[in-house]
Amino acid sequence: MTLDTTYKSGKSEGDENFPVASRIVSSRHRAPILAFYRFARAADDAADHPTLDAHSKLATLAALEETLLGRSDAAADAIPLREQLKLRDLSAQHALDLLKAFRQDVTKHRYETWEELLDYCRYSAMPVGRFVLDVHGEAKSTWAHSDALCAALQIINHLQDCAKDYRDIDRVYIPLNDLSAHGLGVEVLAERKASPALLACLHALAARTGGLMPEAALLPPSVADLRLAAETSVIIELARKLIDLLTARDPLSERVHLTKLQAGMHAARAAAATVAGRAFARFAFTKSTRMMPHER
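Residues numbered from 1 in each chain as written. Predicted model: local features only at pLDDT ≥ 70, side-chain atom pairs only at ≥ 80, totals over all residues. Heavy atoms only, no water.

**Student:** Kindly report on the state of the cysteines, identifying the contributing residues and their values.
**Tutor:** All told, the structure shown has 0 disulfides when counted by the stated rule. Here Cys162 stays unpaired: no disulfide links it, and the sulfur of Cys201, its closest cysteine neighbor, is 9.1 Å away. Residue Cys162 is classed as buried on the basis of its relative accessible area, which comes to 3%. (Disulfide = S-S within 2.5 Å. Buried < 20%, exposed > 50% of the residue type's maximum accessible area, 1.4 Å probe, protein only.)

**Student:** So what's going on with the pattern of salt bridges? Which residues, and what values?
**Tutor:** All told, the structure shown has 13 salt bridges when counted by the stated rule. Note that Asp105 is salt-bridged to Arg171, the shortest N-O span being 3.8 Å. Here Asp105 is found in helix α4 (residues 93-107), whereas its partner Arg171 is found in the loop between α8 (162-169) and α9 (176-181), with 66 residues between them in sequence. Per residue, the accessibility class of Asp105 equals that of Arg171, and both read buried. Residues Asp170 and Arg110 are paired through a salt bridge, measuring 2.8 Å at the closest nitrogen-oxygen approach. In this pair, Asp170 sits in the loop between α8 and α9 while Arg110 sits in the loop between α4 and α5 (114-124), placing the two residues 60 residues apart along the sequence. Judged by its relative accessible area of 37%, Asp170 is partly exposed. (Salt bridge = Lys/Arg side-chain N within 4 Å of Asp/Glu carboxyl O. Helix = DSSP H or I, 4+ residues; strand = E, 2+ residues; numbered from the N terminus.)

**Student:** So, empty space enclosed by the protein: which residues are in play, and what are the values?
**Tutor:** To locate leftover empty space, one rolls a probe as large as a water molecule over the atoms. Applying the stated rule across the entire model yields 3 cavities of 30 Å³ or more. Around the second largest cavity sit His158, Asp161, Cys162, Asp165, Arg171, Val172, Tyr173, Ile174 and Leu189, which together line it. Looking at the lining of the second largest cavity, its residues break down into 5 nonpolar, 1 polar and 3 charged. (1 Å grid on protein atoms, 1.4 Å probe; cavity = no way out; pocket = protein on both sides within 12 Å on 5 of 7 lines; lining within 4 Å. Points joined across faces, edges and corners; volume = space filled by probe spheres on them. Nonpolar A, V, L, I, M, F, W, Y, C, P; charged D, E, K, R; others polar.)

As structure tokens, this is what we get:
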């Protein structure tokens, strides 16, 4: 959620679609979130390494797990997260779920259906939001809203990078049955420009991703922490704008990312609206509780 849920190799924190423990998040929560991000980045770099063989990639992921669980200190990138989990009495399960997704990236390069892709998101994306919610002490009842948002963020990235993923690492997250329904095979992702059939397929998937957003939109009002409500409102707004781009443009030949200026403007508007809405609701509640019985 707060983290970018794709952790693509070679990216720095400033290159992500979505905030990585942005300044909106309270400073007391930044350390565990950034430790989680570092762990996830290291795992992703291993899974997507251009020269390592599958055995070596899996060995690196195993070292991250062993270090996270305190059985080793071999993986330096797992130590800060291990320390933060102990300090805050948090479970390692969300990080372990991420490792399952990265192991899957090593061994599985194709997805047959939308449902199969969502199952991948269950491990590659949803643990991120759940971890951030746990760090903030939010109720588990918020998980369903967060899961929808995180899945949407993940699929947005898959659509943005569909050509690059195919060309660079022979990985295709576009469901094969959706391609087949449009008379296409994966090789069309290598073209410099999408055909009308591929555009129709990708635009339909973007619209389907948009179908996750009503559930995701329930997240900001459901969390208790005001800063987290503002942060998730920002992410939802950015996701909506990116989905709009992906339903109208060709990710093979056109820009399907927001500029920093665009992202900043949308973020500021969403955060301000959330803070103002919370303030108004608090004012209205306080006023109603102070009214005399005959005034009600």
